[in-house]
Amino acid sequence: RRRHTRYWRDWSSDVCSSDLIGSLAFQVNKNISSLTLPNSVTYIGDGAFAQWNALTNLTLGNGLKSIGEFSFYNNLITSLSIPKNLESIGRGAFWDLPNLTQFQVDPESKFFSADNQGVLYDKKREVLIQAPYAKETVVIPSTVKFIEEYAFINPYGRVAKSLPSLVIPSTVAV
């Protein structure tokens with residue numbers, strides 16, 4: 001159940017061009033700590049930048065419209081800004097980012113928002129997409145009706161590393 005996903009494109013793993021980065025295109029990199037994607041990139045495929053063990057700084061271009069599943073899985077990113085033109089975020093795109101403290105969303109975004117805790121939601125804040133793993137406390141607002149897969153769990157089945165408690169409002173469907 002992925003209500004915030006607008007469309008999904010299937011690209012083979014070896015496809016890259018000036019506007020798209022194919023699935024698994026740059027998976028596993030242990031040396032690059034900073035990545036800036038140009039405004040010309042509109043699509044990032046599944047797992048494209050997964051397991052970049054040194055990546056701490058990531059800048060997404062304003063032309064980006066879709067991020068595939070597990071695209072940035074297992075990185076060291078500390079903060080992430082969602083550009084205004086982004087329409088789709090795949091399941092687990094920001095899964096297992098142990099140092100992530102906050103999401104920021106361009107105020108002009110039509111599809112996403114973040115609260116003052118740095119938690120990522122759909123625009124109406126009915127779907128909680130991802131909570132930063134490095135947060136100590138997360139209060140889920142009563143507007144939330146659905147929590148995405150992997151919103152709080154890392155790949156080893158552990159809840160975000162320092163989250164001592166979580167209150168889920170009755171508005172969330174179980």
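Small disclaimer: the values here were computed from a predicted structure and weren't measured.

Caption draft 1: Structural view of the overall build of the chain. The helix and strand tally for the chain stands at zero helices and 14 strands. Across the 174 residues of the chain, 48% fall into the buried class. Per element, the accessible surface of the chain, about 8400 Å² overall, is 50% carbon and sulfur.

Caption draft 2: Structural context of the confidence of the model for the chain. Summary statistics for the chain give a mean pLDDT of 84 and a share of 82% for residues scoring 70 or more. By mean pLDDT, strand β14 (residues 166-167) is the weakest element of the chain at 76, and strand β9 (residues 112-114) is the strongest at 98. Considering only residues more than four positions removed or in separate chains, one finds that residues 1-14, a stretch of pLDDT under 50, has 38 contacts.

Caption draft 3: Seen up close, the sheet that holds strand β5 (residues 66-67). Across the sheet, four strands lie side by side as β1-β3-β5-β7; this open sheet has parallel pairing. The open sheet is flanked by β1 (20-21) and β7 (88-89), the only strands paired with a single partner. The pairing of strand β3 (residues 43-44) with β5 spans two bridges and is parallel. Looking at the pairing, tyrosine 43 lines up with serine 66 of β5.

Caption draft 4: Seen up close, the packing of aromatic side chains. With the rule as written, the count across this model stands at nine aromatic pairs. Taking 5.4 Å as the distance between ring centres and 75° as the angle between the ring planes, the aromatic pair formed by phenylalanine 70 and tyrosine 150 counts as edge-to-face. You can see phenylalanine 70 sitting in the loop between β5 and β6 (79-82) and its partner tyrosine 150 sitting in the loop between β13 (146-147) and β14, a full 80 residues away along the chain. Given the relative accessible area of 19%, phenylalanine 70 is considered buried. The class for tyrosine 150 is partly exposed, based on a relative accessible area of 22%. Seen from their ring centres, phenylalanine 72 and phenylalanine 94 are 6.1 Å apart, and the 10° between their planes marks the pair as stacked. Here phenylalanine 94 lies in the loop between β7 and β8 (102-105) and phenylalanine 72 lies in the loop between β5 and β6, a separation of 22 residues in the sequence. Exposure class is identical for phenylalanine 72 and phenylalanine 94. Each is buried. Put simply, the rings of Phe26, Phe49, Trp52, Phe72, Phe94 and Phe103 pair up and form one aromatic cluster.

Rules of the game
Along each chain, numbering runs from 1 in the same order as the chain's sequence is written. This being a predicted model, a pLDDT of at least 70 is required before a residue's local features are given, and a value of 80 or more before pairs of side-chain atoms are given or counted; all residues contribute to the totals for chains, interfaces and linings. The basis for every side-chain value is the complete set of heavy atoms in the structure, and neither hydrogens nor water enter the calculation. Per the convention used, a helix needs a DSSP run of H or I reaching at least four residues, while a strand needs a run of E reaching at least two, with both numbered from the N terminus. Any residue under 20% of the maximum accessible area for its type is buried, any over 50% is exposed, and the rest in between are partly exposed; the area is computed with a 1.4 Å probe on protein chains only. Each accessible area is a Shrake-Rupley result for a 1.4 Å probe, and residues are judged covered by the shown protein chains and nothing else. Predictor confidence is given residue by residue as pLDDT, running from a minimum of 0 to a maximum of 100. We call two residues contacting when some pair of their heavy atoms lies within 4.5 Å. DSSP calls a pair of strands paired once it identifies at least 2 bridges connecting them. Only Phe, Tyr and Trp rings are paired, with Trp represented by its six-membered ring, and only when their centres lie within 6.5 Å; those with planes under 30 degrees apart are stacked, over 60 edge-to-face, the remainder tilted.

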